[in-house]
Amino acid sequence: MNLPHPILEARGLTKRYGDGCPTCFDHTGAAHGRNRCPDCGTVWACRDVDLTIHPQEVLGVVGESGSGKSTVLKMLHYDLEADGGDMRVRAEGVEDSNLFDLTSFRKRQLRNAVMGIVYQHPHLGLRMNVSSGGNIAERLLMAGWRNVGDMRNRASELLERTEVPVERMDEAPRNFSGGMQQRVQIAKALSNRPALLLLDEVTTGLDVSVQARVLDLIRRLQEELHVATLVVSHDLGVIRMLTTRCMVMKNGQVVESGLTDQILEDPQHAYTQLLVSSALV
Amino acid sequence: MKLAEWTERQTGETRRAVYSFAFIDEGAKREIRRKTLKAVAIPGYQVPFGSREMPVARGWGTGGIQLTLSLIGPDDILKIIDQGSDDSVNAVNIRKFVRSVTDVETTTETAAATLIQTRHRIPEEPMRDGQILVFQVPIPEPLRDVEPSEAETRRMHAEADYSRMWLHLYEDIVKYKEITIGSRYPLMVNDRHLMDPSPIPRWDCPKLHQSETLYLFGAGREKRIYAIPPWTEVEPLGFEDHPFRVENFEGKTCRFCGADNAFLDEMKDEETGETVYSCSDTAYCLKVLNEKGADS
Amino acid sequence: MLTVQHLSKTFTIHQLDGKHIEGVSPVSFSVPEGGSLALSGPSGTGKSSILKCLYRTYLPTTGSIEYESETAGVLDLATLPEHAMVHLRNAEIGYVTQFLRVIPRVPATGVVAEPLLRRGVPETEALEQAAVLLRRLRIPEELLDAYPVTFSGGEQQRVNIARAMIARPRLLLLDEPTASLDKASISIVIDLLRELQAQGTTMVMIFHDPDIMNALAGQVLSVTPREEIPA
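Calculation criteria
Chains are numbered independently. Their residues run from 1 in the order of the written sequence. Labels follow written order: the first chain is A, the first ligand is 1, and so on. Local features in a predicted model are, by the rule used here, given only for residues with pLDDT of at least 70; side-chain atom pairs are given and counted only at 80 or more, and totals for whole chains, interfaces and linings are based on all residues. Secondary structure elements follow DSSP: runs of H or I of four or more residues count as helices, runs of E of two or more count as strands, with numbering from the N terminus. In this description the radius of gyration comes from C-alpha coordinates, and the expected globular size is given by 2.2 Å times residues to the power 0.38. Counting other C-beta atoms within 10 Å of a residue's C-beta gives its exposure: the residue is buried at 20 or more, exposed at 12 or fewer, and partly exposed in between, where C-beta atoms are placed from the backbone. Residues enter a nonpolar core if they are buried, belong to Ala, Val, Leu, Ile, Met, Phe, Trp, Tyr or Cys, and are joined to the set through C-beta atoms within 7 Å. Two residues qualify as a contact pair if the distance between their C-beta atoms, derived from the backbone, is within 7 Å. Under the grouping applied here, Gly and all other residues not named as nonpolar or charged are polar, the nonpolar ones being Ala, Val, Leu, Ile, Met, Phe, Trp, Tyr, Cys and Pro and the charged ones Asp, Glu, Lys and Arg. Two strands qualify as a pair provided that DSSP identifies no fewer than 2 bridges between them. Every angle, taken between N-to-C directions, lies between 0 and 180 degrees, and every axis is a line fitted to C-alpha atoms, over only the stretch in contact when it is a helix. Boundary definitions for the domains trace back to an automatic or database domain assignment. Note that the term roughly parallel is reserved for angles under 35 degrees, roughly antiparallel for angles over 145, roughly perpendicular for angles of 65 to 115, and oblique for everything else.

Looking only at helices and strands, chain A features 11 helices and nine strands. Relative to the 2.2 N^0.38 estimate, which gives 19 Å for 281 residues, the radius of gyration of chain A is 19 Å and therefore close to what a compact globule would have. If you line up chain A on its principal axes, its C-alpha atoms span 60 × 45 × 45 Å. For chain A, with 281 residues in total, the buried portion stands at 50%.

Here you go:
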């Protein structure tokens, strides 16, 4: 089988708050039901996580709050500095070395060129007082675009795609509903045609009907653009709808990973079984 | 000049003898000169310096004064201007002060000066090699209006991440169909650092590009020195379809000298109430008038 | 084409103190390329679980599932890396049950066309093929662009069948896809499946109706009732 190489390969992702001590791992992790070491107080937000995403693939990370799933995503996006691990991205113009070791200047360039992110809270991904078009233009400007007309064309094309009324392009997202803010965020994330899309709890906190529209949009964009995507969510319904493979995290560790339908129908780990049996769907 | 020599040269005015030549002590001068050299070496980069107390309040040109005092020698010919005028209170007082601590010759003629300190203008008369123009700078940080955090603006300079400023210009165009920045227009220096040229009008910005003259910028309150050495690339930010442009004075001339190629101040004629224009650079205006007088 | 050896499935329920439930007692069989095998036996013998193991919706507990793939030789579906399994599902293996489990808010033609889109067929062409197939399955014209969640059970099943068949998989797993279809629809489905067989599709199927089974299956495997294992 001639399978494409992974577009993202991360090994040993680790993030801790505190210095750690020799007995940390005797007390923390999924097996111990906590991520804070009782001896030294170090919190292991995420420990030794491996993940791989192939071209066109949608990988899910599911777990309760505090499981470390968002930490993983934020390290990949350089929002948090990794305390350990190795990240490689196979895309044009990306060096074949541990991308955590780059200079902050290069990290910024790379992030802008290769990744797109949508946060749960729109204010993390958007400048609320800058027009929606401007929010999209910012990423284009970072990539060196210097023609206002071209940027406006690209922005209106993206807003149309994400079902934001184009006539509101010059309005600030501050004035928009939560669902529409999310759609502007998605448009911004896609502006530079990223090789990797990161979605962090994108529908959490939205009304159910709005959630449905945002999910539909993401799925449709997925079908059209085939962009490799990491979906982080506590919601098994979101994971079921968007992903083909997923990983289950608890207390900073991956307890199980597999095909999404297998995780949902034949969960192996006790925690996953609990998660699946607790889900409303 | 050593302090002893300087003291010796004093003729009875003993009250000045307690000061070094050019007021500030030699150690401070050396520090400012070192920082100035660093600024020249990294065009557009803001070099922190130990801004001293001056006999005027910070915010009244103390950055420019410290640069001037650290640079000036007994043979310099000094010109001080304030928004183009040699005669404003600020210019007159700084000139008096520098003269009283150095005894240098002063002038209002741009061409005659070796050292010019300015507030918010570049002289109309082209400056040449061998001259130095010192700017008084209120806000050295070009990104301050788009980013309040100093830590963040330093990061942005370090990474040459100027997208926020570009975004500001984009938003300006969206709102007003043009870039509305009148003064303190952001400039890209040597293709690396974004720089605030002090509140000079857009009109003066092109004069900074590939110039014969050394431009030094001093911000006393903010404790920063930066520079544009001669023959440096200086490019005002602009878009392909909304390029940088200077103020348009088409069809307007100076009411005194008739100049149609100078930056003009707009004012109301007190008697007739009509809008009239005059050269902002008064020395230039006078020069044009004199030349006209000589011709006729 | 498909050789299953000692395949078994045991569920461990951690919430019930690690209780073991046997899903599939060890089973072995093989199906030649283009052949079709029916699993028969009373309810609760784990027939559906076998199909789910073949499709990797269940992780087999023991045994191997050797599958002769089109491009990569013989692969063990029990241990194949997940992304490779995803690739096989997209490219070669179809699975259809009596339950429609589709993405909500997608019209019937979209649901059916999706496997084609994943294989890179242009959208208009894929939708056109989907409409043709749905019409053949007697889905009323006005339902083609409606959401299948609103359909009757029989209509939903036909959408499901169309979706599984449209990309002409090399291996098709059928789990009672005709359970609530009327006679006329069943015979259309049988015709369609026979066409696929004629084109070389290998099938593993579960049909309770012996007539359907006899019409489609080349061989029949009796699955014996599983035994309770003491925890």
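Moving on from the coordinates now.
What tends to happen in soluble globular proteins is that the nonpolar side chains get buried as a cluster. Counting 200 residues, the largest nonpolar core has A:Leu196, A:Val248, B:Leu216, C:Val112 and C:Ala162 as its most contacted members. Excluding anything up to four places from it in sequence, A:Leu196 contacts A:Ile7, A:Leu8, A:Ile53, A:Val89, A:Val114, A:Met115 and A:Ala228. Grouped together as the second largest cluster of nonpolar side chains are 12 residues, B:Trp203, B:Cys257, B:Ala283 and B:Val288 included.

Tallying the contact residues gives 23 residues for chain A and 19 residues for chain C. Listing elements by their share of the side of chain A that touches chain C, those giving two or more residues are α8 (208–225), β9 (253–259), α10 (260–265) and α11 (270–278) of chain A. Of the residues belonging to the side of chain A that touches chain C, the class tally is seven nonpolar, eight polar and eight charged.

Let's shift gears to the sheet that holds strand β2 (residues 43–53) of chain A. Residue and element names in this part refer to chain A. Spatially, three strands are ordered β2-β1-β4 in an open sheet, and the strand pairing comes out antiparallel. In the strand order of this sheet, the two ends are held by β2 and β4 (84–89), each with one partner. Each strand of the sheet is rotated relative to its neighbour by a mean of 15 degrees, with strand direction disregarded. Direction of pairing for strand β1 (residues 8–17) relative to β4: antiparallel, over a ladder of five bridges. Looking at β4, one finds that Thr 14 is bridged to Gly 84. Contacts between helix α2 (residues 69–76) and the sheet are confined to β1, β2 and β4, with β1 contributing the most and set at about 115 degrees to the helix.

Listed by partner, the interface residues are 16 residues for chain A and 13 residues for chain B. When residues of the side of chain A that touches chain B are traced back to their parent elements, those giving at least two are α3 (104–114), α5 (132–142) and α6 (148–161) of chain A. Among the elements that line the side of chain A that touches chain B, the one with the most residues is α5(A), at six residues. Taken together, the residues of the side of chain A that touches chain B sort by class into six nonpolar, six polar and four charged.

Bringing the pairing of strand β12 (residues 275–279) of chain B into the picture now. Residue and element names in this part refer to chain B. Note: strand β11 (residues 264–268) against β12, five bridges, orientation antiparallel. Along β12, the bridge assignment pairs Met 267 with Val 276. Between β11 and β12, which pair antiparallel in sequence order, lie six residues; one of them, Gly 273, sits at a positive phi of approximately 80 degrees.

Further remarks concern the domain arrangement of chain B. When the parts of a complex come together, some accessible area is lost, and that lost area is often used as the size of the interface. Residues and elements named next belong to chain B. Once the domains are mapped, chain B shows domain 1 (3–143 + 178–236) and domain 2 (248–296). Relative placement of domain 1 and domain 2: their C-alpha centres are 27 Å apart. Every contact between the two is made by 14 residues of domain 1 and, on the other side, seven residues of domain 2.

Packed helix pairs are characterised by how far apart their axes lie and by the angle those axes make with each other. All names here are of chain C. Where helix α5 (residues 153–165) meets helix α6 (residues 183–198), the closest approach of the two axes is 12 Å, and the angle between their N-to-C directions is 5 degrees. As judged from the angle between their axes, α5 and α6 are roughly parallel. Each of Gly 154, Arg 158, Ile 161 and Met 165 in α5 lies in contact with α6, whose residues at this interface are Ser 185, Val 189, Leu 192 and Leu 196. Residues belonging to the contact of α5 with α6 are distributed by class as follows: five nonpolar, two polar and one charged.

Time to look at the sheet that holds strand β1 (residues 47–48) of chain B. Residue and element names in this part refer to chain B. Overall, mixed pairing links the seven strands, which are arranged β1-β9-β8-β5-β4-β2-β3 in an open sheet. Looking at the sheet topology across the chains shown, the edges are occupied by β1 and β3 (105–106). Here β1 runs beside strand β9 (residues 224–228); their pairing, made up of two bridges, is antiparallel. Across the sheet, the residue bridging to Val 47 is Ile 225, located in β9. In this fold helix α3 (residues 62–71) packs onto β4 (115–119), β5 (132–136), β8 (214–219) and β9, with an angle of close to 150 degrees to the strand it touches most, β5. The strands that helix α4 (residues 89–102) touches are β2 (77–82), β3 and β4; relative to β2, the one it contacts most, it runs at about 155 degrees.

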